[in-house]
Amino acid sequence: MSAADPSAAPPAAAADPDGPDAVRLTWNAWPRSKVEASRCVVPLAATVSPARVQDPSAPAPLPYPPLRCKPPCSALLNPFARVDFAAKIWICPLCFSRNHFPPHYAAISESNVPAELFPQCSTVEYIVGGAPGAPAAAGAPPPPVFLFVIDTCVIEEELEYVKMAMRKAVALLPEHALVGLVTFGTQVHLHELGFSDLSKIYVFRGTKEISKEQILDQLGLAGAGRPGFPKMPQQPGGPQVNGMHPATTAGVNRFLLPVSECECTLSTLLDELQPDQWPVEAGHRAIRCTGVALSVAAGLLGACMPGTGARIIALLGGPCTEGPGVIVSKDLSEPVRSHKDLDKDAAPHFQKAVKFYDGLAKQLVSQGHVLDVFASALDQVGLAEMKVAIERTGGLVVLSESFGHSVFKDSFKRIFEGGEQSLGLSFNGTIEINCSKDIKVQGIIGPCTSLEKKGALCADTVVGQGNTTAWKMCGLDRNTSLTVFFDVSPSERSSQPGHQNPHLHIQFVTSYQHPEGQMRIRVTTICRKWVDGSTNTECEGAGEFELIEGFDQETAAVVLARYISLKMEMEEEFDATRWLDRSLIRLCSRFGDYRKDDPSSFSLHSNFSLFPQFMFNLRRSQFVQVFNNSPDETAYFRMLLNRETVTNSVAMIQPSLISFSFDSPPSPVFLDVASIAADRILLLDAYFSVVIFHGMTIAQWRNMGYQNQPEHEQFAQLLQAPHEEAQMIIKGRFPVPRLVVCDQHGSQARFLLAKLNPSATYNSAQDVAPGSDIIFTDDVSFQVFCEHLQRLAVQS
């Protein structure tokens, strides 16, 4: 392994690196035994994007329910099933059970095969009514529901930005979408949009926790099926919504209205909205009851829209200081908790707030609703405490400095946009995993909640949300990615010669409410090879080669990043850097090619060649190094890491760097300080931020206005090119990244320098090229890191 490859950008990815199934595995060939699996170091895991937009060449969604294997397997019919056309029988590739085709498959033959048996259709979708296997639903699909929760404890300028964003959002919503409005400060105000003659508001005190039943009693929605409360009369001519109880329907007609009916009322309410009028004492924070506001929103949706796709979209401008979910006291002399406080258990409100949001998460999951949070403040707002509710409901999260910042404005708008810009927001999802008998499921890391469906496929060891083979995803979009961890557990019979099946199968069954409204079931079945660990040296060598050929280093880096992020949160004394170093040494020792005790002889197969630099950058990333980041920022970074695709997650771990110069076309360069040159522009994509960095000479020419002179048109084009490339990156990403434009030796150059390999530092003996730069750090360079790795790997 050459140390001269300092954090090079990975090679250009294929058009679709996730393949037609949107599933990527760390290992594409699996060892048969637990011992061999543990020797692989990197866990057996898969990342799956269950709602990704399908390839145009894929078949249209099938308008009939799927066929299931007999219990307890319940796997769905797929291209890997063996079919006896004469006997009208299919054999499940997971459990080998024989199943008869139902009568409506009577016409099946070798020349008349249903789409789910086409070899290329390892992923198919079915349009169904409700639960898996139900007939297609009649009537119009339920409308999407958006309940906005707006923080008014902000200055007038910030509130104006919120109003502007809200007006744009409402204009983009489809006319049949239902909307509601909650505003809060010292108290919570629930606005009755169905009473347009006059502004009608229900007020809740923000000082104490309020139960769902109390909320419904106060709103007059508690009469449905409960003795002692009068039933709410239905509005004349108001139809029942999806066959709901009249009291529920009345609640929908009062608090949640179609955009077409309440656009004027909403516009008037936004015009009249003022910053919270409650006086704030000197030396105190604003009194903000975020927890009560979210409880009211969850209670309202639970009464009006149970089991229907709905989102609570919270716009927060500061920390909760009153009622449940408090993260800091009103007294400014008490600082907001830091990582050091959390490590020392010196954050007095943290555990209580997490417990509150855990309860809110359970309520929202049982209702099938999503919590999205847009936090726009210079101070922390409590994302670290809210993480459990956001992540378990599959909510979106955006962190910015102000409601006027492009990160908030552009990201907020993206939620409601259609067409190519659409996020493909889906609701009410469940994902179920079926797999071959010798495989167990350890759990999932990502935006979901366990449905506690225990069975023979559950492993003894748990990672993330485990002890189940089914999970709830209240909200998901085209980029939502889950990481599933597996364990190898061969039965006595399957380990005997003659009974070994050369292939393993894993099936992901996702049921969800499509953005168009109808319920769909997506079935993805993958097939991979088992690798035999034999005492026969020749067989063992062949097996080793198959393992190496099947290693996906990008997926492995992302899986390890998610795994250690979880361990850092769950284990108090966990040393992530040490754990990563040991794992990398073991991996290189196992799969490297070298002579014992000879570091100069060490080399890695091309499938592993980028892995050490992924680990080098992961050790230095915001996922492992929490210093200089607040708990809110760390929670934000980890939530996005856990939910994004492999390609996006790799950009978070190891940013890409592109050079623009007169001498050559735009091209990737090493993520190294040596890539800085006076006559070069660099474009850094670090996922959360996109940095355009002008070399010293380029900046001087620009300041002198050369780009405005006709004879220097080429220079004007050079200045414009990285901006166009940056806009292409920003256009397709959510949350919208921060755009930083800076110059060499400028104050904002730190956004680039912090991500570069420090091959030249203030105390290095190397000669620095003219026009290049140095980094003021004591961190080791990638070259030194590689030298240590090689020396330690060859000793094993």
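So, here is what we can say about the structure in this document. (Residues numbered from 1 in each chain as written. Predicted model: local features only at pLDDT ≥ 70, side-chain atom pairs only at ≥ 80, totals over all residues. Heavy atoms only, no water.)

## A few points about the sheet that holds strand E5 (residues 89-91)
Link 1 in the chain: Taken together, 3 strands build an open sheet; the order of strands is E4-E5-E6 and the sheet is antiparallel. Each edge of the sheet is formed by a strand with only one pairing partner; in this case those strands are strand E4 (82-84) and strand E6 (98-100). Across the sheet, the axes of successive neighbouring strands diverge by a mean angle of 25 degrees, strand direction being ignored.
Link 2 in the chain: Across 3 bridges, the pairing between E4 and E5 is antiparallel. Across the sheet, the residue bridging to Arg82 is Ile91, located in E5. (Pairing = 2+ DSSP bridges. Helix = DSSP H or I, 4+ residues; strand = E, 2+ residues; numbered from the N terminus. Axes fitted to C-alpha atoms, helices over the stretch in contact; angles between N-to-C directions.)

## What about the state of the cysteines?
Link 1 in the chain: Within this structure, the stated rule accounts for 0 disulfides.
Link 2 in the chain: Unpaired in terms of disulfides, Cys289 finds its nearest cysteine sulfur in Cys320, a separation of 7.1 Å.
Link 3 in the chain: Accessibility expressed as a relative area gives 0% for Cys289, which makes it buried. (Disulfide = S-S within 2.5 Å. Buried < 20%, exposed > 50% of the residue type's maximum accessible area, 1.4 Å probe, protein only.)

## Some points on the packing of helix H14 (residues 611-620) against helix H20 (residues 782-793)
Link 1 in the chain: The geometry of H14 relative to H20 is characterised by a closest axis approach of 11 Å and an angle of 120 degrees between their N-to-C directions. For the pair H14 and H20, the sense of crossing is right-handed. Residue-level inspection shows Pro612, Gln613, Phe616 and Arg619 of H14 in contact with H20, the latter providing Phe782, Phe785 and Leu789.
Link 2 in the chain: Classifying every residue of the contact of H14 with H20 gives 5 nonpolar, 1 polar and 1 charged. (Left-handed = near helix turned anticlockwise from the far one by under 90°. Contact = heavy atoms within 4.5 Å. Nonpolar A, V, L, I, M, F, W, Y, C, P; charged D, E, K, R; others polar.)

## Side note on the pairing of strand E21 (residues 503-513)
Link 1 in the chain: Burial within E21 is extensive, with 10 of its 11 residues counted as buried.
Link 2 in the chain: In terms of strand pairing, E21 meets strand E22 (residues 519-531) through 11 bridges, oriented antiparallel. Its bridge partner being in E22, His505 is matched across the sheet by Cys527.
Link 3 in the chain: The antiparallel pairing of E21 with E22 creates a hairpin that spans 5 residues between the two strands, and Gly517 there sits at a positive phi of about 110 degrees.

## Considering empty space enclosed by the protein
Link 1 in the chain: Within this structure, the stated rule accounts for 3 cavities of 30 Å³ or more.
Link 2 in the chain: Considered as a void within the structure, the second largest cavity measures approximately 40 Å³ in volume.
Link 3 in the chain: Sorting the residues of the lining of the second largest cavity by element identifies helix H9 (383-392) and helix H15 (631-643) as the ones contributing at least two each.
Link 4 in the chain: Residues belonging to the lining of the second largest cavity are distributed by class as follows: 4 nonpolar, 2 polar and 2 charged. (1 Å grid on protein atoms, 1.4 Å probe; cavity = no way out; pocket = protein on both sides within 12 Å on 5 of 7 lines; lining within 4 Å. Points joined across faces, edges and corners; volume = space filled by probe spheres on them.)

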